[in-house]
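The primary structure of each chain is shown beneath.
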Amino acid sequence: KAGVTQTPRYLIKTRGQQVTLSCSPISGHRSVSWYQQTPGQGLQFLFEYFSETQRNKGNFPGRFSGRQFSNSRSEMNVSTLELGDSALYLCASSLGPGIGNEQYFGPGTRLTVT
Amino acid sequence: AQSVTQLDSQVPVFEEAPVELRCNYSSSVSVYLFWYVQYPNQGLQLLLKYLSGSTLVKGINGFEAEFNKSQTSFHLRKPSVHISDTAEYFCAVSGSNTGFQKLVFGTGTRLLVSP
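Residues numbered from 1 in each chain as written. Chains lettered and ligands numbered in written order. Predicted model: local features only at pLDDT ≥ 70, side-chain atom pairs only at ≥ 80, totals over all residues. Heavy atoms only, no water.

Draft legend 1. Examining the pairing of strand β10 (residues 87–95) of chain B more closely. Residues and elements named next belong to chain B. For β10, a buried count of nine out of nine residues is recorded, marking the element as mostly surrounded by other parts of the structure. Burial of the side chains of β10 extends over both faces: Ala-87, Tyr-89, Cys-91, Val-93 and Gly-95 are buried on one face and Glu-88, Phe-90, Ala-92 and Ser-94 on the other. Summarising the sheet, β10 and strand β12 (residues 109–114) pair through three bridges and their orientation is antiparallel. Its bridge partner being in β12, Tyr-89 is matched across the sheet by Thr-109. Of the strand pairs in this sheet, β10 and strand β11 (residues 99–105) are connected by three bridges, and their pairing is antiparallel. Looking at β11, one finds that Gly-95 is bridged to Gly-99. Hairpin connection from β10 to β11: three residues lie between these consecutive antiparallel strands. (Buried < 20%, exposed > 50% of the residue type's maximum accessible area, 1.4 Å probe, protein only. Helix = DSSP H or I, 4+ residues; strand = E, 2+ residues; numbered from the N terminus. Pairing = 2+ DSSP bridges.)

Now the structure itself:
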């Protein structure tokens, strides 16, 4: 069974631009969560989606948004990019939001903002 | 809200020696605890998890952890490490009030295994 895939793997953008990152969960998984990883702030939760609905959101500005499609694939968007948005963005999928459903992480998208 | 403290940012150890990576958590509600490993340029892989029941949890690659509610700790141990265990290790917690899937991570411990 294929793992979580994230595209693109690397991305370079300029301040002020916007970016869309994509995540394809493991087949049969319906929950997708996103995390931001930076050297300064570590791993921080962005959002969680299940059945196309956002169930949980982390403490990030409104420039960060996401969505989930009917096939469980998810995208996250960052508008008006800032230098501080440079990070590794990790996506994780699981069968559902229930207790015990392990999250499987993708390799991440490394975003560099110049 | 939950929080996690990993007391050591880096732990150097010789191959075949035992190792303990420390993790303390803070929460006012029931918690679920996890240890993840991250190899360079890769995502996170779950080593083990504590949901309920036995406080000694065994995971993959010979790792184990013990949940200690009175000390609010969940330390990770391995009796004999290999060079290939060199990686970053993250302790994480989720709570019954915030949802199982929302993980709060510690700052990580870099395990450096040398021959």
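So that's the structure; there's more coming.
Draft legend 2. Up close: the layout of surface pockets. In this structure, the largest pocket encloses a volume near 530 Å³. The wall of the largest pocket is formed by 26 residues, among which Gln-37 and Arg-110 of chain A together with Gln-38, Glu-88 and Arg-110 of chain B lie closest to the centre. Of all the elements in the fold, those that place two or more residues in the lining of the largest pocket are β4 (31–38) and β9 (87–94) of chain A together with β10 and β12 of chain B. Among the elements that line the lining of the largest pocket, the one with the most residues is β10 of chain B, at three residues. Here the lining of the largest pocket is built from residues that sort into ten nonpolar, twelve polar and four charged. Roughly 290 Å³ of volume is contained in the second largest pocket. Residue lining of the second largest pocket: 14 residues in total, with Gln-44 and Phe-45 of chain A together with Lys-102, Leu-103 and Val-104 of chain B positioned closest to the centre. Per-element tally for the lining of the second largest pocket: the top contributor is β11 of chain B, with four residues. Looking at the lining of the second largest pocket residue by residue, the class counts come to seven nonpolar, six polar and one charged. (1 Å grid on protein atoms, 1.4 Å probe; cavity = no way out; pocket = protein on both sides within 12 Å on 5 of 7 lines; lining within 4 Å. Points joined across faces, edges and corners; volume = space filled by probe spheres on them. Nonpolar A, V, L, I, M, F, W, Y, C, P; charged D, E, K, R; others polar.)

Draft legend 3. Empty space enclosed by the protein, seen in detail. Counted under the stated rule, the structure contains one cavity of 30 Å³ or more. Considered as a void within the structure, the largest cavity measures approximately 30 Å³ in volume. Lining the largest cavity, in full, are Asn-101, Glu-102 and Gln-103 of chain A together with Phe-34, Tyr-36, Lys-49, Phe-100 and Leu-103 of chain B. Elements with a minimum of two residues in the lining of the largest cavity: β5 (31–38) and β11 of chain B. The residue inventory of the lining of the largest cavity, partitioned by class, reads four nonpolar, two polar and two charged.

Draft legend 4. Seen up close, the interface of chain B and chain A. On the side of chain A, 23 residues touch chain B, which itself brings 18 residues to the contact. Of the roughly 1700 Å² buried at the junction of chain B and chain A (both faces included), carbon and sulfur atoms supply 53%. Where chain B packs against chain A, one counts zero salt bridges. The interface formed by chain B and chain A holds eight residue pairs in polar contact (both at pLDDT 80 or more) in total. At the level of secondary structure, the elements contributing two or more residues to the side of chain B that touches chain A comprise β5, β6 (44–50) and β11 of chain B. Per-element tally for the side of chain B that touches chain A: the top contributor is β11 of chain B, with six residues. (Contact = heavy atoms within 4.5 Å. Buried area = accessible area lost by both parts, 1.4 Å probe. Salt bridge = Lys/Arg side-chain N within 4 Å of Asp/Glu carboxyl O. Polar contact = N/O pair within 3.5 Å; in protein donor to acceptor, adjacent residues only side chain to side chain.)

Draft legend 5. View of the packing of aromatic side chains. Applying the stated criterion across every chain, the model contains twelve aromatic pairs over all chains. Here Tyr-35 of chain A and Phe-45 of chain A contribute two aromatic rings whose centre-to-centre distance is 5.6 Å and whose plane-to-plane angle is 70°, an arrangement assigned as edge-to-face. On the criterion of sequence distance, the pair formed by Tyr-35 of chain A in strand β4 and Phe-45 of chain A in strand β5 (residues 42–50) is long-range, its members being ten residues apart. Pairwise contacts between aromatic rings join Tyr-35, Phe-45 and Phe-105 of chain A together with Phe-34, Tyr-36, Phe-90 and Phe-105 of chain B into one cluster. (Phe/Tyr/Trp six-rings, centres within 6.5 Å; stacked < 30°, edge-to-face > 60°.)

Draft legend 6. Highlighting the environment of Phe-47 of chain A. Residue and element names in this part refer to chain A. Inspection of the secondary structure assignment puts Phe-47 in strand β5. With twelve residues separating them along the chain, Phe-47 and Asn-59 place their C-alpha atoms 9.2 Å apart. Here Phe-47 is in contact with Val-32, Ser-33, Trp-34, Gln-54, Asn-56, Lys-57, Phe-64, Ser-65, Gly-66 and Met-76, once residues within four sequence places are set aside.

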